[in-house]
Amino acid sequence: MTARGLYKSLRSFVTFLSFEFLLTTCKWPNGGTVIFIRAFGVTLSVMTVYCIVKQGLDPFRGYEFDMAELKIQILNSVEIFGAVFAGIYLALYSRFSSQWGYLSNLYNQIKQTEASASNDEKILNEWKAAFIEDAIALHLALKPMFAMIINTWGHEAKVAEVFEQNITDGKKVLESLLADIKAVLNR
C-alpha cells in the first residue's frame, strides 16, 4: 500500500469513527443535533474499546464471551460513559460555537464594509466568495441563517465568478450548493 493509499484509508476510518460523515457525506449542517449524535456515537466507540481493553488486561478473566459479565461491565461503566460523553460533547460544541462566531463576525465585517462610504466592490466580491467557501468548509452553509446569505450572494454574478475562479470545480460546487440551499429554504 502506498503512503497516499494509507492516508486515504486512515482518513476514511477516522471520518467513520468520528461520525464526521454526517457532515461530509450526508451533508447535515453542523449544529446541536449533529453534535449530540456525533458525541453519542464517538462515546459508544470509545466505550467499546475501553471495555475490550479492560477485559483483555484483567488477568482473572478468561477469553470466553459471557453475556452476564458484559451486562455487569456496562453497568459498571455508566459513570465513565457520562464523563466521556460530556467531554466529547463539550469539545464538539466548543468547536461549533467558535466556527459559528467566526462566520457571524465575518458576515458582520462584510456588511460593515458595505455600509462604509469607501468600499471597493472587487474586494467585497472576493470577501463574499470567501465567506461562502468558509461556510462550506465549516459545514455551516446549510444552516438556514447562513443559507439565506449564501443564496443571495451566490446568485450575484460577480461573487459567483470570483468563487468559481478560486475554488477547484468552483462552478460545479456553487451550483450544487445553491441546489442544496434551495431545498433547505423550501422546507
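Residues numbered from 1 in each chain as written. Predicted model: local features only at pLDDT ≥ 70, side-chain atom pairs only at ≥ 80, totals over all residues. Heavy atoms only, no water.

### Here we look at the pattern of salt bridges
Quick reminder of the rule: One side-chain nitrogen of Lys or Arg within 4 Å of one carboxyl oxygen of Asp or Glu is enough to make a salt bridge. What counts as a helix is a DSSP run of H or I of at least four residues, what counts as a strand is a run of E of at least two, and both are numbered from the N terminus. Throughout, exposure labels follow a simple rule: accessible area from a 1.4 Å probe, protein chains only, divided by the maximum for the residue type, with under 20% read as buried, over 50% as exposed, and the rest as partly exposed.
Under the criterion given, the structure shown has seven salt bridges. The salt bridge involving Glu 121 is made with Lys 158; its shortest N-O contact spans 3.5 Å. Of this pair, Glu 121 sits in helix α6 (residues 121–137) while Lys 158 sits in helix α8 (residues 157–166), and the two are 37 residues apart along the sequence. Of the residues examined, Glu 121 reaches a relative accessible area of 46% and is grouped as partly exposed.

### So, the side chain of Asn 125
Rules: The contact definition used throughout considers only heavy atoms, calling two residues in contact when any of these lie within 4.5 Å.
Looking at where Asn 125 falls in the secondary structure, it is placed in helix α6. Sequence-distant contacts of Asn 125, that is, excluding residues within four places in its chain, are made with Glu 156, Lys 158, Val 159 and Val 162.

### A short note on the nonpolar core
Counted only if it meets this: We call a set of buried residues a nonpolar core when its members are Ala, Val, Leu, Ile, Met, Phe, Trp, Tyr or Cys and they connect through side-chain atoms within 4.5 Å of each other.
Counting 34 residues, the largest nonpolar core has Leu 103, Phe 131, Ile 132, Ile 150, Trp 153 and Leu 177 as the members making the most contacts within it. Elements with a contribution of two residues or more to this core: α3 (32–57), α5 (78–115), α6, α7 (144–154), α8 and α9 (170–185). No other element matches α5, which puts seven residues into this core. Once you skip the residues sitting within four places of it in the chain, Leu 177 turns out to touch Ile 132, Ile 136, Ala 141, Leu 142 and Ile 150.

### Thoughts on the packing of α6 against α7
Using the following cut-off: A fitted line through C-alpha atoms represents every axis, and for helices the fit uses only the stretch in contact; the resulting angles, taken between N-to-C directions, go from 0 to 180 degrees. Just so you know how the angles are binned, under 35 degrees is roughly parallel, over 145 roughly antiparallel, 65 to 115 roughly perpendicular, and the rest oblique. Should the near helix be turned counterclockwise from the far one by less than a right angle, the crossing is left-handed, whereas a clockwise turn marks it as right-handed. Residue classes follow a fixed rule: Ala, Val, Leu, Ile, Met, Phe, Trp, Tyr, Cys and Pro count as nonpolar, while Asp, Glu, Lys and Arg count as charged, and any other residue, Gly among them, counts as polar.
Look at α6 against α7: their axes get within 10 Å of each other, and the N-to-C directions meet at 140°. It follows that α6 is oblique to α7 by the angle criterion. Between α6 and α7 lies a crossing of left-handed hand. Contacts between α6 and α7 pair Lys 128, Phe 131, Ile 132 and Ala 135 from the former with Phe 146, Ile 149, Ile 150, Trp 153 and Gly 154 from the latter. Taken together, the residues of the contact of α6 with α7 sort by class into seven nonpolar, one polar and one charged.

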